[in-house]
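Commentary on secondary and tertiary structure
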Amino acid sequence: MEMYQSFSGFLAGDYCGWLMALSALIVLMSGYFAVPLLVWTVVILGLLIGWGAPFAVFATVAVVLLAFNTPLRRILVSSVLLNLFKKLGLIPKISETERTALDAGVVWIESDLFSGKPNFKKIMKEPYPSLTDKEQKIIDEKVNTLCSMVDDWKLWETREFTPEALEYIKKEKFFGMIIPEHDGGLGFSALAHSEVIAKLSTRSIGLGVFVMVPNSLGPAELLHNYGTEAQKKKYLPKLAVGEEIPCFALTEPNAGSDAGSIQSEAVVFKGEDGKLYMRMNWNKRWITLAAISTLLGVAFRLRDPENLLGKGEDVGITCALVPTNTPGVIVGERHDPLGVPFYNCPTQGKDVVVSIEDTVVGGLDGCGKGWGMLMDCLTAGRGISLPSQSAGAGKFASRAVSAHATNRKQFGVSVGKFEGVEEPLARIVGLNYIMEACRIFTAGSIDSGIKSPVVTAIAKYYNTEMMRTVVNDSMDILGGAGISRGPRNVMAHPYIAAPIGITVEGANIMTRTLIIFGQGALRAHPYAYKEVAAVENNDLGGFDKAFWGHIGHVVANLCRSLVLTFTRGRFVMTPGGQARRIYQKLAWTSAVFGFMADVAMGTLGGALKTKGKLTGRFADILGWMYLITCVLRRYESEGRRKEDWPLIEYTANHGFQQIQKAFEGIFENIQVPGLSWFFNGPVAWWARFNSLDGAISDKVSHQVAHLIQQDTEQRDRLTTGIYLPDDPTNPLTRLDQTFKMVKSAEAVERKIKQAVRAKTLPRKRVAQLFDEALAQKVISQEEYDMVKKAQEMRNDAIQVDSFTQEEYVNREG
C-alpha cells in the first residue's frame with residue numbers, strides 16, 4: 001500500500017517528470033525487447049488501472065501514450081475521426097476541375113507566409129532578377145522603335161494600327177517573345193517579357209494589349225508546353241513571325257469565371273479513311289484578336305459516344321488549334337471594350353470538322369487534358385501580363401503627374417506642394433514602388449520554374465487594383481487637364497481602360513474571394529490539402545499523420561500568435577537593418593493569420609467556399625503579406641538605399657493598414673460555435689486596441705511626394721522602363737522637359753524671393769519681377785533667359801486640347 005501511495009504521489013505531483021520517463025521507458029522497452037509499442041501501451045495502461053490510478057492521471061497518461069503510439073491512436077481515435085469527417089462533410093468537396101486547378105503549378109513563399117513562422121532569411125535569397133544585356137538591347141532599340149511608330153491618339157481615332165507598325169510587330173517577333181529561339185522566337189525570360197509589356201503600355205494601352213495576348217494564354221504557350229513535335233514544327237515558327245495570328249477562345253456566355261462549365265463541345269467520329277475526327281460547335285465571346293486571327297485556339301468539352309478513344313463517353317475539357325479558314329468557323333465581328341482600340345471579338349463554330357491528331361493540342365494523348373493545360377498556362381500569364389501593364393501605368397503616372405504638379409502653379413505655388421495634393425501624389429508613388437517590386441519578384445519566380453497559382457493571382461489582383469487607385473488619384477491631381485481628351489492628355493485613356501484589366505484573366509472579385517485564399521488555404525497550408533486527399537481516398541495512415549500534424553500546427557500557431565501579440569513581435573529574430581520592425585510585424589501577422597485561417601477552416605469546413613466576404617479578408621491579409629515581402633526584397637536587392645527609406649516606410653505602413661482592416665473585419669464577423677461572442681467582442685476590441693500601427697504620418701507622406709518632385713537619379717530610377725522619347729511633341733516628354741526646366745529655374749526664383757525679403761525688389765509675384773530683377777542685377781541675363789523659358793514652357797505644358805465644332809463632330813473615333 002505504501003509503495004502504491006508513493007507511486008501515485010509521484011504521478012500526481014510531477015507530471016513532467018513521469019510523462020517523460022514513461023514515454024522514454026515505453027520506447028526503450030519496445031526497442032530492447034523488440035515488442036511493438038502497442039503491446040507496451042496496453043500493458044502500462046493495464047497496470048495503471050490495476051493500481052487504481054486517479055482518472056485524471058489515467059487520462060493524462062492515455063493521451064500521452066496515444067500521442068506516442070501511432071498504431072493505437074489510429075485504431076482508437078483517428079479511425080473514428082475519419083469516419084466522422086466523411087459522414088458530416090467536414091472536408092470540402094473538390095470537383096475534378098477544382099482539383100486540376102489546385103494541382104496546377106507549385107507552392108512558393110506563400111507557404112511560408114501561411115505557416116505562421118516565415119523564414120525571412122530564406123525568402124530574401126529568392127531571385128530578384130535583372131535583364132540580360134541582349135534583352136536590354138532589344139528593349140532599348142526595337143521596343144522603343146515600335147513605340148515611336150504608334151501614335152496613341154491616332155490609334156484611338158482610327159481604331160487600327162498602321163500597316164508599318166503591324167509589319168514591324170511581325171518582323172521583330174513581338175508575337176514570339178515566349179517562343180524559344182530554336183523554334184524561331186525570341187526566347188525571352190518572364191522578366192523581359194514583362195518589361196516589354198510595361199513599356200509598350202506606357203505608349204499605348206491598345207499596343208500593350210495587342211502584343212500581350214499572343215504571349216499569354218494562347219496557341220504559342222500551349223504548343224510549347226504540350227504540343228506534339230509535329231505541331232510545334234508546323235506552327236511555332238509561323239507564330240513567331242506573325243505568319244499565323246493567334247487567339248484563344250475560352251469565355252462563353254455561360255462560362256466566365258466558372259470556366260469549368262464550358263458548353264462548347266466536339267463529338268468524336270471515325271472518318272471514311274479510318275482516322276479519328278471531331279465535329280465542333282462553339283459560341284465564344286470577348287476573345288482578343290479573334291477577328292484577325294488565322295489560328296484559333298478553342299477550349300471545349302469532348303464527347304466520344306462510341307468510345308473510339310478508349311477514354312469513356314465524356315472525355316473532358318480539351319484544347320484544339322483550328323485554322324480560321326476551316327469551313328464553319330465564324331470570325332470577323334468585334335466588341336467595343338470601352339472604346340479601347342484592340343481586337344476583342346466573338347467567334348462561333350458550326351459543325352466544324354477537323355482531325356483530332358492534327359488539331360488537339362498534344363494529339364490523341366491531349367484529349368481530355370485541356371483543363372490542366374489551361375490552368376498551368378493561365379498561372380504563368382496571370383503573373384506577367386496585367387501585373388506588368390499595371391506596373392507600367394504606375395511608373396508612367398508617377399512621372400507624368402509629378403511633372404504636372406510641379407509645372408502647374410496656383411496662388412504662386414506649385415500645386416504639388418499643397419498638402420491636399422501631396423496625399424494622393426504620395427499614394428501614386430508608393431503604390432508604384434509596390435507594383436514594380438511585385439512585378440519583378442513574381443517574374444523571377446516564374447523564371448526559376450515556379451508557377452504558383454496563388455502568387456500570380458495575388459500579383460494580378462492587387463497590381464490591377466493598385467493601378468485603378470493610381471489612375472483615379474492621377475485624374476484628381478490633373479483636374480481639368482485629365483478630363484479633356486486630346487493628343488496632349490496623358491491619363492484619359494488609362495482611366496478609360498482601367499476596368500478592363502480588373503475584369504479579364506479572372507475577374508478581380510472572383511480572384512480575391514475564390515483563388516487567393518480559396519486555393520491558398522489548401523495549397524499553401526502545410527496539412528489541409530493532405531487531409532482532404534486522405535479523407536477522399538479513405539487513407540487512415542495519411543489522415544492520421546495530416547490531422548495530428550494539423551492539430552500540432554494549430555496549437556503552435558496559437559501559442560506563437562499570443563506571444564507575438566502581447567510582445568507586438570518585438571523579440572522576433574529578423575534579417576536586421578532599418579527594416580527590422582517591418583519583418584517583426586510580418587512575423588506577427590503571419591502567426592495570427594495562420595491561426596485564424598485554421599479557426600475558419602475548422603469551424604466552417606466546406607461552407608467556407610461560400611463565405612466570400614470572409615475569404616476576401618483572408619485574401620487581403622495573405623496578399624498584403626506577399627506585397628510587403630516584395631517591397632522588402634526590392635529594398636534588399638537595391639542595396640538598402642537610404643534615400644528610399646521613406647518609400648519603404650510608406651509602403652509597409654500602407655500594407656499593414658490593409659491587413660489591420662481585414663483582421664478587424666474577420667474578428668467582428670467570424671462565427672465560431674460557442675465562441676462567436678469572444679471573437680466578435682473581446683478579440684475584436686483587442687485587435688483595434690493593439691493594432692499593427694499602419695498609420696502613415698504626414699511627415700512620411702510629404703517625404704514621398706517631395707522626392708518624386710525632384711530632378712534626381714531617384715526619380716529616374718523609380719520611373720525607369722517607360723517610353724520617354726526626346727520628341728517634345730510627345731505629351732509625356734512635353735511635361736517632363738518642362739519639369740526639368742522649372743526645377744532648374746527654381747534657384748533663380750529663390751534669388752528673386754530673397755531680394756524681395758531684402759526689399760531690393762517690390763512685393764509682387766515672382767513671375768512679375770523677372771524684368772525688374774534683371775534691371776536691378778539681382779539675376780544675370782543667362783538666369784533671366786532661363787526663368788523666361790521656364791515660364792514659357794510652363795504655360796505651354798498646362799494647355800489642353802480643343803476642337804472646332806466641325807472637327808469634333810467629324811472625328812474618326
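Here's a quick rundown of the structure. Since we're looking at a predicted model, the values are computed, not measured. (Residues numbered from 1 in each chain as written. Predicted model: local features only at pLDDT ≥ 70, side-chain atom pairs only at ≥ 80, totals over all residues. Heavy atoms only, no water.)

Structural notes on the overall build of the protein chain
Condition: Starting at the N terminus, helices and strands are each numbered in turn, a helix being any DSSP run of H or I of at least four residues and a strand any DSSP run of E of at least two. Note on exposure labels: buried denotes an accessible area under 20% of the residue type's maximum, exposed denotes more than 50%, and partly exposed covers the range between, all computed with a 1.4 Å probe on protein chains only. Two residues qualify as a contact provided that any one of their heavy atoms is within 4.5 Å of a heavy atom in the partner residue.
Regarding its fold elements, the protein chain presents 35 helices and nine strands. Each of the 813 residues in the protein chain was classed as buried or not, and the buried ones make up 56%. Partitioning the intrachain contacts of the protein chain with sequence separation of at least 6 by distance along the chain shows that 75% fall at a separation of at least 24.

Here we look at the packing of aromatic side chains
Filter applied, for reference: Here a pair means two rings of Phe, Tyr or Trp (six-membered ring of Trp) with centres within 6.5 Å. Their orientation is stacked below 30 degrees between planes, edge-to-face above 60, and tilted elsewhere. Only when the NZ atom of a Lys or the CZ atom of an Arg is both within 6 Å of the ring centre and within 35 degrees of the ring normal do we say a charge sits over the ring.
All chains considered together, the criterion is met by 31 aromatic pairs. Between Trp108 and Tyr626, the ring centres sit 6.2 Å apart and the planes meet at 65 degrees, which makes this aromatic pair edge-to-face. Residue Trp108 is located in the loop between helix H6 (96–103) and helix H7 (110–115), and its partner Tyr626 is located in helix H27 (residues 612–637); the two are separated by 518 residues in the primary sequence. By relative accessible area, which is 6% here, Trp108 ends up buried. The interplanar angle of 85 degrees and the centroid separation of 5.0 Å between the aromatic rings of Phe547 and Trp548 together place this pair among those described as edge-to-face. Within the aromatic cluster, the residues linked to one another by ring pairs are Phe85, Phe543, Phe547 and Trp548. One Lys or Arg, Arg279, reaches over the ring of Phe269 and ends 4.7 Å from the middle of that ring. Against the face of Tyr343 rests Arg334, its NZ or CZ located 3.9 Å from the ring centre.

Remarks on unusual backbone geometry
Positive phi outside glycine occurs at Leu338, with the angle close to 60 degrees. Its location among the elements puts Leu338 in the loop between strand E6 (329–330) and strand E7 (344–355). Residue Leu338 is classed as partly exposed on the basis of its relative accessible area, which comes to 48%. At Asn538, a residue that is not glycine, the phi angle is positive and equals roughly 55 degrees.

What to know about the packing of helix H12 (residues 190–203) against helix H17 (residues 370–407)
Note the following rule: Angles shown run from 0 to 180 degrees and are taken between the N-to-C directions of axes, each axis being a line fitted to C-alpha atoms and, for helices, limited to the stretch in contact. Note on angle classes: values under 35 degrees are labelled roughly parallel, values over 145 roughly antiparallel, values of 65 to 115 roughly perpendicular, and the remainder oblique. Should the near helix be turned anticlockwise from the far one by less than a right angle, the crossing is termed left-handed; should it be turned clockwise, right-handed. Under the scheme applied here, ten amino acids are nonpolar (Ala, Val, Leu, Ile, Met, Phe, Trp, Tyr, Cys and Pro), four are charged (Asp, Glu, Lys and Arg), and all others, including Gly, are polar.
Orientation of H12 relative to H17, taken along the N-to-C sense of each, is 50 degrees, at an axis distance of 8 Å. In terms of axis orientation, H12 runs oblique to H17. Crossing handedness for the pair H12 and H17: right-handed. Judged by residue contacts, Ala190, His193, Ser194, Ile197, Ala198, Ser201 and Thr202 of H12 engage Ile384, Ser385, Ser388, Gln389, Gly392 and Phe396 from H17. Classifying every residue of the contact of H12 with H17 by side-chain character gives five nonpolar, eight polar and no charged.

Brief notes about the side chain of Glu110
Just so we agree on the cut-off: Two residue types count as positive, namely Lys and Arg, and two as negative, namely Asp and Glu; His and chain ends fall outside the count. Between Lys or Arg on one side and Asp or Glu on the other, a salt bridge is scored when a side-chain nitrogen of the former is within 4 Å of a carboxyl oxygen of the latter. Residues adjacent in sequence count toward polar contacts only when both atoms are side-chain atoms; beyond that, a polar contact is any pair of N or O atoms within 3.5 Å, and within protein one must be able to donate a hydrogen and the other to accept it.
Tracing the backbone through its elements, the reader meets Glu110 in helix H7. Although buried, Glu110 forms no salt bridge, and the nearest oppositely charged side chain, Arg523, lies 6.4 Å from it. At a separation of 2.9 Å, a polar atom in the side chain of Glu110 contacts the main-chain amide nitrogen of Trp108. In terms of polar contacts, Glu110 uses its side chain to reach the side chain of Ser452, at 2.6 Å.

Section: helix H21 (residues 492–503)
Burial in H21 covers these residues: Ala492, His493, Pro494, Ala497, Ala498, Ile500, Gly501 and Ile502. The inward-facing, buried residues of H21 abut helix H10 (152–158), helix H13 (205–212), H17, helix H19 (453–478), helix H20 (480–483) and helix H22 (508–516). Following H21 by one or two positions, Glu505 adopts a phi angle in the positive range, close to 55 degrees.

Some details on H27
For clarity, the threshold we go by: For a helix, the expected span equals 1.5 Å multiplied by the number of residues minus one.
Between the first and last C-alpha of H27 there are 36 Å, a value that for 26 residues agrees with the 38 Å anticipated at 1.5 Å per step. In terms of burial, H27 is a largely internal element, 22 of the 26 residues being buried. Within two residues after H27, Gly639 carries a phi angle of roughly 85 degrees, on the positive side.

Here's the deal with the pattern of salt bridges
Tallying each qualifying case throughout the model produces 38 salt bridges. Where Glu436 meets Arg439, a salt bridge forms, and the shortest distance between an N and an O atom there is 2.8 Å. Here Glu436 and its partner Arg439 are both found in helix H18 (residues 419–447), three residues apart, which amounts to about one turn of the helix. Taking relative accessible area as the criterion, Arg439 reaches 1% and is therefore assigned buried. Put simply, Glu638 and Arg634 hold a salt bridge, and the shortest N to O gap is 3.0 Å.

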